[in-house]
Amino acid sequence: MTEDGYNFAYLDEQTKRMIRRAILKAVAIPGYQVPFGSREMPLPYGWGTGGIQVTASIIGRDDTLKVIDQGADDTVNAVSIRKFFARTAGVATTERTEDATIVQTRHRIPETPLAAGQILVYQVPIPEPLRWLEPREAETRKMHALEEYGAMHVRLYEDIARFGHIATSYDYPVRVNGRYLARPSPIPKFDNPKMDRLPALQLFGAGREKRIYAIPPHTEVRSLDFDDHPFEVQTWDEACAFCGAADSFLDEIVTDDRGGRLFVCSDTDYCGKRRAAGHTGSATRDPERGGA
Amino acid sequence: MPPGAPPLLSARGVTKFYDAIPGCRDVSFDIWPGEVLGIVGESGSGKTTMLNCISARLEPTSGTVEYATRHDGPADIYRMSEPVRRLLMRTDWGFVHQNPQEGLRMGVSAGANIGERLMAVGARHYGNIREAAADWLDKVEMDTGRMDDLPFTFSGGMQQRLQIARNLVTAPRIVFMDEPTGGLDVSVQARLLDLLRGLVADLGLAAVIVTHDLAVARLLSHRLLVMRRGKVVESGLTDQVLDDPEHPYSQLLVSSVLHP
């Protein structure tokens, strides 16, 4: 049921139209940051105002929405955004990645591969990948226009010089379609390879910074690296303690004050489905280790 | 320089007004490859305005600046397309600021500062970039062991060396320097000047050096322009201008220097 007194999906139709125009332009120029008139939303900047506005503009009555925060469906941010759309749009919500038509995400791409027809909406805090190098907006726009991206490697160089390897582990800069440099929002670099030629549409909304950008389906997305220090993703020595998955992004959970810790899937939907299918991990086989 | 070779850079009637206030007026000169041109004059005489005008950092109100590009011959730097101009500025040209903090990226290590220009023109091999950085630290007489230190841990003289290394790593053909030894004490100044003189001679660099220090001008430059109130009042060979100044202002300038 939709809450009385609100337009469908909270935003008024003119605003949605304006945001859709920005999205269309963003899709037409993969990776280019399109300015848009970001609105005040009933949650603070930094909690996903950009993602919510994008979702509100593309959602229809037949859509099924999934919202994740750090991979989990049950954290405060995910629950409140899901509830927000259940109240203002009356749409169906789900925790199952494959059932969702729109997945709004903060900090992760689901482990279950996304399919054509699905839309992944990212919440973006800082959309400008060059901001770290160049504080002037006029200058960064010029750098994008002229494809002056070489200096971006200074950051990676500095990582190797300090730590011996590229230590940037999230929000790892990518080149979209061989042209625009983009920030994939603070997803772990583990997820970067999933963005490459993804059959689903990827939309990025930055509410405070008032920018929307997009990666259309099947678009090449390449992570920056050096010839002698190629791009690598994180690996773990252990498998998920709950479901035994060795191929998913693991969160470290401290279980006591004696050094006890567990590594579990950050994607709760993926982990739950594996456990329902009978997979077990070290903690579910041996309850003494805590967890579950 | 073969006789009759075209100049590397030629300024014609360069004039810059800040609203009604003249910065520099009707400045014309040529620089040939390998030549060092000194620009001297008192504070406010338009030296820095002129330097900015000829280094594509500040568009003059009128006048032209032509640069002999490697492939397309002489081209007006304010008429060429912006990508071409910006590429020139970070490959063929160098700019050394008086305050090294303006010319350096203070948040990243010395090695990254030197490597930045290489990465900007497409270097993508960490090992090679590092090797070039170490090589240049060595050339500017800095300890290669400090390659991974941040610039703010360096002394003023070392920062200035680092800035010079950072500019020269892409083998530019002309370097613009705005008071490169300003703010350094005399012994550090002497070493830096010695270094600059060596580098300019070894690399066959052309350089434009703005300074108010006549000793710096005498040591480094082949030719000298004396500026006053935005105008060039005298130009000629360095020793000729300094030892036998013609214009009353040049005479005043030379006679104002204290000899201890």
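Residues numbered from 1 in each chain as written. Chains lettered and ligands numbered in written order. Predicted model: local features only at pLDDT ≥ 70, side-chain atom pairs only at ≥ 80, totals over all residues. Heavy atoms only, no water.

Undergrad: Explain the layout of surface pockets to me, please; I cannot follow it from the model alone.
TA: Leftover empty space is mapped by rolling, across the atoms, a probe with the size of a water molecule. Of the voids in this model, the largest pocket is the one considered here, and its volume is about 1200 Å³. What lines the largest pocket is a set of 33 residues, among which A:Arg136, A:Glu139, B:Arg86, B:Met89 and B:Arg90 lie closest to the centre. Those elements giving two or more residues to the lining of the largest pocket turn out to be helix 4 (137-145) of chain A together with helix 2 (82-91), strand 6 (93-96), helix 3 (100-103), helix 4 (110-120) and helix 6 (156-168) of chain B. Among the elements that take part in the lining of the largest pocket, helix 2 of chain B stands out by supplying 5 residues, more than any other. Looking at the lining of the largest pocket residue by residue, the classes come out as 11 nonpolar, 7 polar and 15 charged. No fewer than three residues from each of domain 1 (7-92 + 172-260) and domain 2 (102-171) of chain B sit in the lining of the largest pocket. (1 Å grid on protein atoms, 1.4 Å probe; cavity = no way out; pocket = protein on both sides within 12 Å on 5 of 7 lines; lining within 4 Å. Points joined across faces, edges and corners; volume = space filled by probe spheres on them. Helix = DSSP H or I, 4+ residues; strand = E, 2+ residues; numbered from the N terminus. Nonpolar A, V, L, I, M, F, W, Y, C, P; charged D, E, K, R; others polar. Domains from an automatic or database assignment.)

Undergrad: How should the nonpolar core be read in this particular structure?
TA: Most often, soluble globular proteins have nonpolar side chains that are buried together. In this structure, A:Tyr157, A:Phe226, B:Ile114, B:Leu162 and B:Ile164 are the most contacted members of the largest nonpolar core, which totals 54 residues. Taken domain by domain, the makeup of this core includes at least three residues from each of domain 1 (7-92 + 172-260) and domain 2 (102-171) of chain B. The contact partners of A:Tyr157, leaving out residues within four places of it in the chain, are A:Phe226, B:Ser109, B:Gly111, B:Ala112, B:Met119, B:Tyr126, B:Ile129, B:Arg130 and B:Met147. (Core = buried A, V, L, I, M, F, W, Y, C linked by side-chain atoms within 4.5 Å. Buried < 20%, exposed > 50% of the residue type's maximum accessible area, 1.4 Å probe, protein only. Contact = heavy atoms within 4.5 Å.)

Undergrad: Sorry if this is basic, but what is going on with the interface of chain B and chain A here?
TA: Note on interface size: it is often stated as the accessible area lost on association of the parts. In this complex, chain B contributes 22 residues to the contact, which on the side of chain A involves 21 residues. Summing the contributions of chain B and of chain A, the shared interface buries around 1900 Å²; its carbon and sulfur component is 58%. Per-residue buried area on chain B facing chain A is highest for B:Arg86, B:Arg124 and B:Tyr126; these three make up 38% of the total on that side. Across the chain B-chain A interface, the total number found is 4 salt bridges. Where chain B touches chain A, the interface holds 13 residue pairs in polar contact (both at pLDDT 80 or more). Those elements that place two or more of their residues in the side of chain B that touches chain A are helix 2, helix 4 and helix 5 (126-139) of chain B. Here the element with the most residues in the side of chain B that touches chain A is helix 4 of chain B; it accounts for 5 residues. When grouped by side-chain class, the residues that make up the side of chain B that touches chain A number 9 nonpolar, 5 polar and 8 charged. (Buried area = accessible area lost by both parts, 1.4 Å probe. Salt bridge = Lys/Arg side-chain N within 4 Å of Asp/Glu carboxyl O. Polar contact = N/O pair within 3.5 Å; in protein donor to acceptor, adjacent residues only side chain to side chain.)

Undergrad: Teacher, can you tell me more about the pattern of salt bridges here?
TA: If you walk through the whole model with that rule in mind, you get 43 salt bridges over all chains. Members of the salt-bridge network, linked through shared partners, are A:Arg96, A:Glu98, A:Asp99, A:Asp269 and A:Lys273.

Undergrad: Sorry if this is basic, but what is going on with the side chain of A:Glu111 here?
TA: Residue and element names in this part refer to chain A. On the secondary structure map, Glu111 appears in the loop between strand 4 (102-106) and strand 5 (119-123). Looking at Glu111, the relative accessible area reads 11%, which means it is buried. One polar contact links Glu111 to Arg108, side chain to side chain, over a distance of 2.8 Å. A distance of 3.2 Å separates polar atoms of two side chains, one belonging to Glu111 and the other to Lys194. When sequence neighbours within four positions are dropped, the list of residues in contact with Glu111 reads Phe190, Lys194, Asp247, Ser248, Phe249, Asp267 and Tyr270.

Undergrad: I'm lost on the sheet that holds strand 3 (residues 92-93) of chain A in this one. Help?
TA: Sheet strands associate in pairs through backbone hydrogen bonding, adopting either a parallel or an antiparallel arrangement. All names here are of chain A. Spatially, 7 strands are ordered 1-9-8-5-4-2-3 in an open sheet, and the strand pairing comes out mixed. Strands with a single pairing partner mark the edges of an open sheet, and in this sheet they are strand 1 (34-35) and strand 3. Relative to strand 3, strand 2 (residues 64-69) runs parallel, the two sharing 2 bridges. Bridging across to strand 3, Leu65 finds its partner in Thr93. (Pairing = 2+ DSSP bridges.)

Undergrad: For this particular structure, what's the right way to read the sheet that holds strand 7 (residues 180-182) of chain A?
TA: Residue and element names in this part refer to chain A. Reading across the sheet, the 3 strands line up as 7-6-10 and stay open at both edges, with antiparallel pairing between neighbours. The open sheet has two edge strands, strand 7 and strand 10 (221-223), and neither has a second partner. Each strand axis lies, on average, 30° off the axis of its neighbour in the sheet, ignoring direction. As paired strands, strand 6 (residues 174-176) and strand 7 are joined by 3 bridges and run antiparallel to one another. Directly across from Val174, in strand 7, lies its bridge partner Ala182. (Axes fitted to C-alpha atoms, helices over the stretch in contact; angles between N-to-C directions.)

Undergrad: How should I be thinking about the domain arrangement of chain B in this particular structure?
TA: All names here are of chain B. Domain annotation for chain B reports domain 1 (7-92 + 172-260) and domain 2 (102-171). Both sides of the domain 1 and domain 2 interface together cover about 1400 Å² of buried area, and 66% of this is carbon and sulfur. Among the residues of domain 1 in contact with domain 2, Arg90, Pro172 and Leu195 are the three that bury the most area, contributing 36% of the side total. Those elements giving two or more residues to the side of domain 1 that touches domain 2 turn out to be helix 2 and helix 7 (186-203). Among the elements that make up the side of domain 1 that touches domain 2, the one with the highest residue count is helix 7 (7 residues). Taken together, the residues of the side of domain 1 that touches domain 2 break down into 12 nonpolar, 1 polar and 4 charged.

Undergrad: So what exactly am I meant to see when it comes to the pairing of strand 1 (residues 9-18) of chain B here?
TA: In summary, the side chains of a regular strand alternate between the two faces of the sheet. Residues and elements named next belong to chain B. The buried fraction of strand 1 amounts to 7 of the 10 residues, a majority that puts the element mostly inside the structure. Judged from the 5 bridges that link them, strand 1 and strand 4 (residues 62-69) form a sheet pairing that is antiparallel. Within strand 4, the position partnered with Thr15 by the bridge is Ser62. Strand direction decides the pairing type here: strand 1 and strand 2 (residues 21-31), joined by 7 bridges, are antiparallel. Its bridge partner lying in strand 2, Leu9 is registered against Ile31.

Undergrad: Please explain the confidence of the model for chain B as it appears in this structure.
TA: Do not read the predicted coordinates in detail wherever pLDDT is low. This prediction gives chain B a mean pLDDT of 90; 98% of its residues lie at or above 70. At the level of chain-chain contacts, confidence expressed as ipTM amounts to 0.86, with global pTM at 0.87. (pLDDT = per-residue confidence, 0-100.)

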